[in-house]
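# Architecture and fold: a report
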Amino acid sequence: MSKLVTTLCLSFAVLLVSIEISQGTQFQRGLDAARSGDYESALSEWEPLAEHGNDSAQFNLGVIYHKGLGVQYNYRAAVKWYTLAAKQGNAPAQYNLGVMYRLGQGVLKNYKTAVKWYTLAAKQGSVKSQFNLGVMYAKGKGVLQDNVNAHMWLNIASSSGAIKNASKNRDIVAKLMTSDEISTAEKLARACIANNYKGC
């Protein structure tokens, strides 16, 4: 009986590894097709993976529908796939979903929901989400207007150097703040980065 259980466990493990390798190959075929501009083939490779919960495939389908790559623009389909991926913690999907809620693409415009998705992605290191979150705090869209949090997120985004307007926007916000508020925002930004964006 013990040998049978061991054999079944090993067989199951081999099956899981085989499935994972097969899905990885199928995902790569979709990626290769998309890179060559064959979005129809990419869609056919990724759709089954996405339907089985692969967050990267779900995100890529969201991009295809969001940007109209080889298909008609379909913001509702993009929101569907981004949401599925975002709920699994896919930061790029969370960011894109934030954009769609901020702009009202495929959903009713909802700044509060945009902030929710930006925050989740920002706490995973998404620089674009950190920047957008800073702007949302600066303008009071979806959150109470808060220059300290705006400065903090814009400072974090500017520290990567990836978004050239981040430091410019941070400096604009700083002109509206006291020196104590700036000091607080800078401390919060340093702590946020030191803690890998946890507790921000």
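The coordinates are above.
In this text, all values refer to a predicted model and were calculated from it rather than measured experimentally. (Residues numbered from 1 in each chain as written. Predicted model: local features only at pLDDT ≥ 70, side-chain atom pairs only at ≥ 80, totals over all residues. Heavy atoms only, no water.)

Let us look at the packing of aromatic side chains. Both the distance between ring centres and the angle between the ring planes are used here to describe each pair of aromatic rings. According to the stated counting rule, one finds four aromatic pairs in the structure shown. Between F59 and Y82, the aromatic rings sit 5.9 Å apart at their centres with planes inclined by 35°, giving tilted as the arrangement. Here F59, found in helix α3 (residues 55-67), pairs with Y82, found in helix α4 (residues 75-86); they are 23 residues apart in sequence, far enough to count as distant. Both residues of the pair, F59 and Y82, count as buried. (Phe/Tyr/Trp six-rings, centres within 6.5 Å; stacked < 30°, edge-to-face > 60°. Helix = DSSP H or I, 4+ residues; strand = E, 2+ residues; numbered from the N terminus. Buried < 20%, exposed > 50% of the residue type's maximum accessible area, 1.4 Å probe, protein only.)

The subject of this paragraph is the environment of N96. The residue N96 is located in helix α5 (residues 91-103) in this model. Since its relative accessible area comes to 14%, N96 is described here as buried. Taking C-alpha positions, N96 is 9.1 Å from A86, a pair spaced 10 residues apart along the chain. Ignoring any residue separated from it by four or fewer positions in sequence, one finds N96 in contact with F59, V63 and Y82. (Contact = heavy atoms within 4.5 Å.)

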